[in-house]
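Breakdown of the fold
Letter by letter, the chains look like this.
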Amino acid sequence: MPGVAGRCPCVRPRNVSPPPDASLPLETSALRGELRILRSLLLVGAAAVALTALLEWQHGQLAPWDRWAYPLLGGACLLGAAVLHWRRQWERHVRLGMVLALNAYLVFALYMVLLAREGPPDWYQLVSNFYWMPLAYGSAFIFLPRREALITSALMFAVVFGPTFWLIEQGRLVDGPLALKPVFTNFAVAQAVYMVLLLAISRLRADYLRTRERAEWMRQVAATDPLTGIANRRALNERLVSALGLLARHDQAVSLLLLDIDSFKLINDEHGHAAGDAVLTGLSALLAEQLRVSDELGRWGGEEFLLLAPGTTLPAATELAERIRAAVAQAAFPHGRTVTVSIGVAQAGVGETPEQWVARADLALYEAKRAGRNRVRQHLKPVEAEAAGPTPRA
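Quick look at the structure, then.

Calculation notes
Residues numbered from 1 in each chain as written. Predicted model: local features only at pLDDT ≥ 70, side-chain atom pairs only at ≥ 80, totals over all residues. Heavy atoms only, no water. 1 Å grid on protein atoms, 1.4 Å probe; cavity = no way out; pocket = protein on both sides within 12 Å on 5 of 7 lines; lining within 4 Å. Points joined across faces, edges and corners; volume = space filled by probe spheres on them. Helix = DSSP H or I, 4+ residues; strand = E, 2+ residues; numbered from the N terminus. Nonpolar A, V, L, I, M, F, W, Y, C, P; charged D, E, K, R; others polar. Buried < 20%, exposed > 50% of the residue type's maximum accessible area, 1.4 Å probe, protein only. Patch = residues over 30% accessible without salt bridge, like charges linked within 9 Å, V, L, I, M, F, W, Y side chains within 5 Å. Areas by Shrake-Rupley, 256 points an atom, 1.4 Å probe, with all protein chains shown as cover. Salt bridge = Lys/Arg side-chain N within 4 Å of Asp/Glu carboxyl O. Contact = heavy atoms within 4.5 Å. Phe/Tyr/Trp six-rings, centres within 6.5 Å; stacked < 30°, edge-to-face > 60°.

**Focus: the layout of surface pockets**
One number sums up the size of the second largest pocket: a volume of about 530 Å³. Lining of the second largest pocket is provided by 28 residues; of these, V49, L73, L102, W132 and L135 occupy positions nearest its centre. Taken together, the elements giving at least two residues each to the lining of the second largest pocket come down to α2 (34-58), α3 (66-86), α4 (91-115) and α5 (123-143). Broken down by class, the residue content of the lining of the second largest pocket amounts to 20 nonpolar, 6 polar and 2 charged.

In structure tokens form, the structure reads like this:
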């Protein structure tokens, strides 16, 4: 005997979660798609490293340390992309590892330029290094949470400019065509501005994602019945319009079932409203067990449920309704009494409005009630009704 606690994998009652709090991690579609973006960025990074190495080699500007550092950095990017594809549970480690690898390379390359030889530094290598330095801060704010990104960027800034200015003040770095102190001061101010801008962008992005998730939550609340967790009347009305649109464009048969719990007022009167609510939630779960992936179930109002069955003709919908009626009559409910439903079935007719379609299903439901309840009755489409005569009444 079917119970009322089952669930269908395609349609399941659910409770509507409260709106996301600012302290909770965001789980939106935008964040779920972030893995693909990160993989793409890592692949682009590997290509950029290879292209830079090729150009510098062709022009005789490839530094000795970059002969092995470039392959290591490009290989790390490719490895990170592969791990994000095959081992998604290691995402956090990949994020942190890639930021640390890039920062370590940029710091190492800078100090090699400054200290690897006597006299003024190689200005091509120095300027090239500072061209890429903002990437360290950008990658931190892209790959890491905002707090960790800020800490990482601040440490990077301190490691780059603290010792550099100390070496300049001690006279251990020799000026070249330009004085090193004003050049590094300018670089330091520019990169401090980069960090502030990235922090602002990060905050704006988090606020945008939070607002987007709140809007999604509100949309779900507006379309969900709070007791049963299935679609409410507002959402069902939209789906009725969509179904009639498919019928008009593609001549796709579609039927609806209007279900009403028999003698529901007696359940509330004899067992209390809590028992009535338990019947509603249990019935929604039981109905969900009978549905296909394409079917739409919702609470039409009170003790009425509406089931929309796309691609289903009137005979098939009537058979489905009979199966549902029998399953409900055999199910056990918490208050210990048998629950039955009456069901009206109607297939949509071309040119009908949602109101006309539902009204015909309601007429069939009325016939089922008048015939003694725990019945299924159907209402023929308008064209069929003219050929076949009046709808049979029990």
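**Let's talk about unusual backbone geometry**
Although it is not a glycine, S263 adopts a positive phi angle of roughly 50°. The residue R373 is not glycine, and still its phi comes out positive at about 70°. Mapping R373 onto the fold places it in the loop between α12 (354-370) and β5 (376-379). Under the relative-accessibility criterion, R373 is labelled partly exposed at 40%.

**Details of a nonpolar patch on the surface**
Residues L51, L54, L55 and W57 make up a contiguous nonpolar surface patch of about 420 Å² in total accessible area. Considering the arrangement of structural elements, one finds L54 in helix α2.

**With respect to the environment of I267**
Mapped onto the elements, I267 comes out in helix α9 (residues 264-271). Assessed through its relative accessible area of 8%, I267 is described here as buried. If we skip the residues at most four places from it in the chain, I267 touches G272, A275, G276, V279, H335 and V339.

**A closer look at the packing of aromatic side chains**
As enumerated under the stated definition, the model contains 8 aromatic pairs in all. Seen in terms of ring centroids, Y70 and Y105 are 6.0 Å apart; in terms of plane orientation they differ by 45°. Their pairing is tilted. Remark: Y105 occurs in helix α4 and Y70 occurs in helix α3; sequence separation between them is 35 residues. The exposure classification of Y70 matches that of Y105, with both residues buried. A ring pair is formed by F130 and F184, whose centres lie 5.3 Å apart and whose planes are at 80°; its orientation type is edge-to-face. Of this pair, F130 sits in helix α5 while F184 sits in helix α7 (residues 180-222), and the two are 54 residues apart along the sequence. Every member of this aromatic cluster is reached through a ring pair, and the members are F130, F157, F161, F165, F184 and F187.

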